[in-house]
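# Understanding the architecture of this molecule
The chain contents come next:
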Amino acid sequence: MEEKRRFSLKLSWVIIYAIIAYFIATDIYTPSMPSIAHYFGTTEDLIQMSMVFFMLGSFASTLCSGALAENFGRRRIFVGGQILAVVASLACMLAQDPYTLIAARFIQGLGGAVATVIGFSAVQDVYSPKESTKIFTIMGGAFAVIPALAPTLGGHLDQLWGWRSNFIAIFSFLSLSCILSYFFFHLPAKSDQKIPSTVSEVLRKYASILKNKKFLRYGVMNSILISGEWCYLTILPFYFIQVIGVSAPVYGYYLGVMLLCYGIGTYASGKLIDLIGHDKTLNLSLMISIMGGIGLVLTHLFLPKSPGAISICIGIYSIGQGQSFTPSITKTLESFDRIRASASSVRSSMNALFAMLGTLAASFFNDFTLVPLALYIILLPLVGLLIFRLLRQKP
C-alpha cells in the first residue's frame, strides 16, 4: 500500500505539471497579441486565429488521443504528445509570417492536449473516487494559480525582449514536461492495458458515451463555461491595451487576478460538495457566473474604461467556472471503467470544442466594447442551467 502511495504521488505531479504546461501555452502570449499583429503588419482578427487554431488542434487531439491510448498504451501516447508540442513550440519561435505561426499553434494544441485526456483518466484509474475528488480539487487550484501568473510573465517578456520570448518560454515549459513524462509517467499494468479496436468500434464507443445522459449532464456544464473563458481571453487583450490604454505587463497583472479567481472557485467546490452535494454545487456555480456577466453589463454602462471593475466582473465569472470543475469531472467519468480513457477523450473534446466556439465568437462579434462579451457570458450559464434541468435523471 505504501509503495502505491509513493507511485501515485509521483504520477500526480507529472500529470499536474504536464497539464499546467499546456495551459501556460494557451495564454502566456495573450498580452503580446497586439504587438504580434503590429510586427507582421496584419490585422488583430488574423492573430486571434492563432487561438482558434490552437483549440482546433486541441479538439482534434482530444477526439483521438483516448482511443489511441487504449490501442497503443497510455504512456506511449502521453509522451508522444509532449514531444509533438515541443517541436511545434520551436516552429512558433522561428515563425516568419502569421500563417506559419497559426499552423504551428495548431500542432502545438494537437500535442499538448493529450496530457488533459490521459492525465485525468489516469487519476481516476489510480485513485479511489473520494481521493480523485480531492486530487481534482487540488489540480483545479494549481491549474488556476500557476497559469494565472503566465500572462503577467508574458507581458514582461514581451516588453523586455519582444513577442518571440513568450514562445521561448512555452518551449522551455513543454520541454521540461516532456523530460518528466519520459522518466516518470509510468502506470500500473492494469491501468495501461491495450484494448485494440477498429475505427468503427471506436465510433460506436464514442456514440455510447454520448448517449449516456449522466455523462452529458455533468460534462457539458464545465465545457459551457470554458467557452466564456476563451471568449474573454481573446477579446480582453485588445480591449485593455488598445481601448483602455494599459501596457502589456499591466494587462498581464489584471488577467492574472481574473484567473486566480478560478482557483478560489475550485477550492470552494471541494468544501461545497461535502456540504450540499455535486448538483447544488454546479447550480450555484452557474448562477455565480451569470452574476459576473450582469456585472459586466453594468460596467459597460457606467465604468467602461475601468480595468478594475472589468477584472472584478470576470473574476466573479471565473469563480463560478472554477467551482464547476471538480463536480463536473468527477461525475462525468465515474460511470466508466474499461473505456475511461475514451470517456475522458470525449469530455476533453467537448471542452476544446466549446473553447474554439468562444474564440470564434470573440473574433466575429468583437466590436471593441464590453457588450458582446457580457451577453455571451450571461447566455452560456443560462443555457447550462436549462440543460442541467432537462437531463436530470429521475430516481
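Note that the structure is a prediction, hence the values are computed from the model and not measured.

## What to know about the overall build of the protein
A count of helical and extended segments in the protein gives 15 helices and zero strands. In terms of overall size, the protein behaves like a compact globule, its C-alpha atoms giving a radius of gyration of 20 Å where 395 residues would be expected to give roughly 21 Å. Dimensions of the protein, computed from C-alpha atoms along their principal axes, come out at roughly 55 × 50 × 40 Å. Within the span of the protein, comprising 395 residues, buried residues form 61% of the whole. When the accessible surface of the protein is split by element, carbon and sulfur atoms take 70% of a total near 16,000 Å². Averaging the positions of the 29 positive and the 18 negative side-chain charges in the protein gives two centres separated by 9 Å.

## Considerations on the packing of helix α11 (residues 248-276) against helix α12 (residues 278-302)
Running from amino to carboxyl end, α11 crosses α12 at an angle of 130°, the nearest separation of the two axes being 7 Å. One way to sum up the angle between α11 and α12 is to call them oblique. Two packed elements cross with a definite hand, and for α11 against α12 that hand is right-handed. Residues Ser 269, Leu 272, Ile 273 and Ile 276 of α11 form the contact with α12, whose participating residues are His 278, Lys 280, Thr 281 and Leu 284. Class assignment of the residues belonging to the contact of α11 with α12 gives a composition of four nonpolar, three polar and one charged.

## A few points about the environment of Pro 237
Examined against the element boundaries, Pro 237 turns out to sit in helix α10 (residues 213-244). Overall, the relative accessible area of 0% leaves Pro 237 in the buried class. Along the primary structure Pro 237 and Tyr 29 are separated by 208 residues, whereas in three dimensions their C-alpha atoms are 10.0 Å apart. Here Pro 237 is in contact with Thr 30, Pro 34, Tyr 232, Gln 242 and Tyr 251, once residues within four sequence places are set aside.

## Observations concerning the packing of aromatic side chains
In this structure the tally under the stated criterion is 13 aromatic pairs. With centroids separated by 5.6 Å and ring planes inclined at 65°, the aromatic side chains of Tyr 39 and Trp 163 adopt a geometry described as edge-to-face. With Tyr 39 in helix α2 (residues 33-40) and Trp 163 in the loop between α7 (129-161) and α8 (164-184), this pair connects stretches of sequence that are 124 residues apart. For Trp 163, a relative accessible area of 5% gives the class buried. Residue placement shows Lys 331 over the ring face of Tyr 218; its charged tip is 5.8 Å from the ring centre.

## Quick notes on unusual backbone geometry
For Phe 368, which is not glycine, the phi dihedral falls at a positive 60°. Note on placement: Phe 368 falls in the loop between α14 (340-365) and α15 (371-390). Among the residues examined, Phe 368 registers a relative accessible area of 35% and is labelled partly exposed.

## Here we look at the packing of helix α4 (residues 74-94) against helix α5 (residues 98-112)
The contact between α4 and α5 brings their axes to 7 Å, and the two run at 160°. By the angle class used here, α4 and α5 are roughly antiparallel. The chirality of how α4 crosses α5 is left-handed. Counted together, Gly 81, Gln 82, Leu 84, Ala 85, Ala 88, Ser 89, Ala 91 and Cys 92 of α4 and Leu 101, Ala 104, Arg 105, Ile 107, Gln 108, Leu 110, Gly 111 and Gly 112 of α5 form the full contact between these two elements.

## Overview of α5
Within an α-helix, residues lying three or four positions from one another point in the same direction, as the helix has 3.6 residues per turn. Between the first and last C-alpha of α5 there are 21 Å, a value that for 15 residues agrees with the 21 Å anticipated at 1.5 Å per step. Listed in full, the buried residues belonging to α5 are Pro 98, Leu 101, Ile 102, Ala 104, Arg 105, Gln 108, Gly 109, Gly 111 and Gly 112. Its side-chain oxygen placed 3.0 Å from the backbone nitrogen of Tyr 99, Asp 97 serves as the N-cap of α5.

## Notes on the confidence of the model for the protein
Mean pLDDT over the protein: 86, with 92% of residues reaching 70 or higher. Note that residues 1-9 has pLDDT below 50 and, in this model, seven contacts with residues that lie over four places away or in other chains.

## Structural notes on the side chain of Thr 281
Turning to its location among the elements, Thr 281 is positioned in helix α12. Dropping the residues within four chain positions of it, Thr 281 is found in contact with Ser 269, Leu 272, Ile 273, Ile 276, Gln 323 and Pro 327.

What counts and how
- Residues numbered from 1 in each chain as written.
- Predicted model: local features only at pLDDT ≥ 70, side-chain atom pairs only at ≥ 80, totals over all residues.
- Heavy atoms only, no water.
- Helix = DSSP H or I, 4+ residues; strand = E, 2+ residues; numbered from the N terminus.
- Rg over C-alpha atoms; globule rule 2.2 N^0.38 Å.
- Buried < 20%, exposed > 50% of the residue type's maximum accessible area, 1.4 Å probe, protein only.
- Areas by Shrake-Rupley, 256 points an atom, 1.4 Å probe, with all protein chains shown as cover.
- Lys, Arg positive; Asp, Glu negative; His and termini not counted.
- Charge placed at Lys NZ, Arg CZ, Asp CG, Glu CD.
- Axes fitted to C-alpha atoms, helices over the stretch in contact; angles between N-to-C directions.
- Parallel < 35°, antiparallel > 145°, perpendicular 65-115°, else oblique.
- Left-handed = near helix turned anticlockwise from the far one by under 90°.
- Contact = heavy atoms within 4.5 Å.
- Nonpolar A, V, L, I, M, F, W, Y, C, P; charged D, E, K, R; others polar.
- Phe/Tyr/Trp six-rings, centres within 6.5 Å; stacked < 30°, edge-to-face > 60°.
- Lys NZ or Arg CZ within 6 Å of the ring centre and 35° of its normal.
- Expected span 1.5 Å × (residues − 1).
- Polar contact = N/O pair within 3.5 Å; in protein donor to acceptor, adjacent residues only side chain to side chain.
- pLDDT = per-residue confidence, 0-100.

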